[in-house]
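One-letter residues, chain by chain:
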Amino acid sequence: MNIPRQIPFARPWITDDDRKAVMEVLEGYILTHGPQCKEFEAEFSAFMGQGAHCVTVSSCMAALHLFYLQFGIGAGDEVIVPAQTHSATAHAVEWVGAKPVFVDCDPCTGNLTPEGIASAITPRTKAMCVLHFAGIPCDMPAIMALAERRGLKVVEDCAIALGARYEGRHVGLFGDAGCFSFYPVKHMTTGEGGMFVSRHEPVAQAVGRLRAFGVDRTHSERLLPGMYDVPSLGLNYRMSEMQAALGRSQLRRMKDVQAKRAELFGQYRRLLGVMKGVRLVDSTDPKAVSGHYCVSVVFEPPYMAKREEIVRRLNTAGIGTSIYYPQPVPRMTFYKKKYSIEPSTFSNASQLSDHSVALPLGMHLENADVDFIVAALSDILKSLS
Ligand SMILES: Cc1ncc(COP(=O)(O)O)c(C=O)c1O
């Protein structure tokens, strides 16, 4: 029987080594507060390079929340955030009582620009959160120069940008902190999980306490079991030992993951580059190395209004898809109601949300799959023109 090809949009890459690493933790009975998280933090620091101090956390959103708590950002403060992002980027600002101020993106990369950020700064602005969209690094030196001139804190939302570098420096190491996600469809996974990264050791140490009830001593630092103090308020945003063991095992393969994603993306770029009526979200900046998170294809005339039909036909052909992101965050009901923002303000973000599709990219694909996907897309476009 001829089984039709099925290519999911994304699929976590779990190997026998990963399973073994998790099972070893379960056999040892230390499920939290153990050596796996510490080792994962050290190995992630080595992967990032350039003096990264890392703190394992329960998710990227937890890391973002911790950033605002650590820097005392709250009621009466404004934080500049991208309109084209996941709701988590804005939610973290809301949860500390500050106001997210949405800024439209560059139409080609989906990233914030220094000019866009500058136009949104007010006397109440305390910080900005920049997202590296689709894995493409923002122009961080220019953004940091602006932030320093205006005295603003910077957090980099690196949820979809593992492996991305600008002028050789890994994203997350430009701002005051970077926040990573290990959700299953990301470059690597711990199920749920994330990493808070900072160039500043005292910031990482303080966030380490904040994510664990505000307790002053970790288990290994206690002179006697059970002896600790709580000098400040905290949360429980810890990662478990099973998650950390999985993360360590996954991280060992990150070089392979990056190389394969870059190669497959290059293939998509070549094939889609000659296709009429579509453009790829991509960067031409020679200083930028993308983490190649996804292949976002934007439909132009005559296909702009036909995105839903194109997606339906791709899915019927066995090709999984997604949309990054399904709506600019200020158009989502919570934000629309709360801030009554005029949606036309975000025309570039809206173009990505309303007229693009994200195609599969990851370790579950071979070159032949990319050929198949692009050929299927080409046939669908021809039949719709
Ligand atoms: C840009 C961005 N930020 C934050 C998050 C939240 O990540 P997590 O699920 O680890 O909290 C996501 C999730 O996909 C994301 O895309």
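Everything below is about the structure shown above.
I will try to describe carefully the structure that is included in this document.

## Side note on the overall build of the chain
Across its full length, the chain holds 13 helices and 13 strands. On the principal axes, the C-alpha backbone points of the chain span a range of 75 × 55 × 40 Å. Expressed as a percentage of the 385 residues in the chain, the buried residues total 48%. Long-range pairs, those at least 24 residues apart, make up 71% of the contacts in the chain with a sequence separation of at least 6.

## Digging into the site of the ligand
Surveying the vicinity of the ligand reveals 14 residues, the closest of which are S59, C60, H86, A159 and S181. Within the shell around the ligand, the residues separate by chemical class into seven nonpolar, six polar and one charged.

## A word on helix α8 (residues 241-251)
For α8, a buried count of ten out of eleven residues is recorded, marking the element as mostly surrounded by other parts of the structure. Buried residues of α8: E241, Q243, A244, A245, L246, G247, R248, S249, Q250 and L251, and no others. Packed against the buried residues of α8 are α1 (16-28), α2 (35-48), β1 (53-57) and α9 (254-273).

## Points about the packing of helix α3 (residues 60-70) against helix α4 (residues 87-95)
It is at 9 Å that the axes of α3 and α4 come closest, and there the two elements cross at 40 degrees. As α3 runs across α4, the sense of the crossing is right-handed. Each of C60, M61, L64, H65 and Y68 in α3 lies in contact with α4, whose residues at this interface are A88, T89, H91, A92, V93 and W95.

## Here's the deal with helix α12 (residues 347-355)
Every buried residue belonging to α12 is among A349, Q351, L352 and S353, and all of these are buried. Those residues of α12 that are buried are in contact with β12 (295-299) and β13 (356-359).

## Describing the nonpolar core
One finds A63, L64, L66, V79, M128, C179 and F196 to be the most contacted residues of the largest nonpolar core, which totals 116 residues. Ranked by residues supplied to this core, first place goes to α3 with nine residues. For L64, the contacting residues outside a window of four places in its chain are A88, T89, A92, C129, V155, D157 and C179.

## Points about the pairing of β1
Counting buried positions over the five residues of β1 gives five, a clear majority of the element. Of the two faces of β1, the one carrying H53, V55 and V57 and the one carrying C54 and T56 are both buried. For β1 and strand β9 (residues 194-198), the ladder comprises five bridges, and the chain directions are antiparallel. Counterpart to C54 in the pairing with β9 is V197.

## Structural notes on the sheet that holds strand β7 (residues 169-170)
Ordered by their spatial adjacency, three strands build an open sheet running β7-β6-β11, and the pairing between neighbours is antiparallel. Looking at strand neighbours, the two that pair on one side only are β7 and β11 (288-289), the edges of this open sheet. The pairing of strand β6 (residues 165-166) with β7 spans two bridges and is antiparallel. Paired with R165 across the strands is H170, a residue of β7.

## A word on the environment of G247
When you line up the elements, G247 lands in helix α8. Classification of G247 by C-beta neighbours within 10 Å gives buried; the count is 29. Here the alpha-carbon distance between G247 and A120, two residues 127 residues apart in the chain, equals 37 Å. Once residues lying within four places of it in the same chain are set aside, the contact partners of G247 are F40, F182, M188, T190 and G193.

## Looking at the packing of α1 against α8
Axis separation between α1 and α8 bottoms out at 8 Å; the angle between their running directions is 150 degrees. Between α1 and α8, the crossing angle belongs to the class labelled roughly antiparallel. Considering only the axes of α1 and α8, their crossing is right-handed. Residue-level contacts link D17, D18, A21, V22, E24, V25 and L26 of α1 to E241, M242, A245, L246, R248, S249 and Q250 of α8. Taken together, the residues of the contact of α1 with α8 sort by class into seven nonpolar, two polar and five charged.

## Description of the sheet that holds β13
The three strands lie next to each other as β10-β12-β13, forming an open sheet whose pairing is antiparallel. Of all strands in the sheet, those with a lone pairing partner are β10 (278-280) and β13, marking the two edges. For this sheet, the mean angle separating the axes of adjacent strands, direction not counted, is 30 degrees. Pairing analysis gives four bridges linking β12 to β13, with the strands arranged antiparallel. Paired with V295 across the bridge in β13 is L359. Lying on the sheet, α12 is in contact with β12 and β13; it crosses β12 at an angle near 100 degrees.

Thresholds applied
- Residues numbered from 1 in each chain as written.
- Predicted model: local features only at pLDDT ≥ 70, side-chain atom pairs only at ≥ 80, totals over all residues.
- Helix = DSSP H or I, 4+ residues; strand = E, 2+ residues; numbered from the N terminus.
- Buried ≥ 20, exposed ≤ 12 C-beta atoms within 10 Å, placed from the backbone.
- Contact = placed C-beta atoms within 7 Å.
- Near = placed C-beta within 6 Å.
- Nonpolar A, V, L, I, M, F, W, Y, C, P; charged D, E, K, R; others polar.
- Axes fitted to C-alpha atoms, helices over the stretch in contact; angles between N-to-C directions.
- Left-handed = near helix turned anticlockwise from the far one by under 90°.
- Core = buried A, V, L, I, M, F, W, Y, C linked by C-beta atoms within 7 Å.
- Pairing = 2+ DSSP bridges.
- Parallel < 35°, antiparallel > 145°, perpendicular 65-115°, else oblique.

From the geometry alone we can't say anything about function, so treat these as descriptive.
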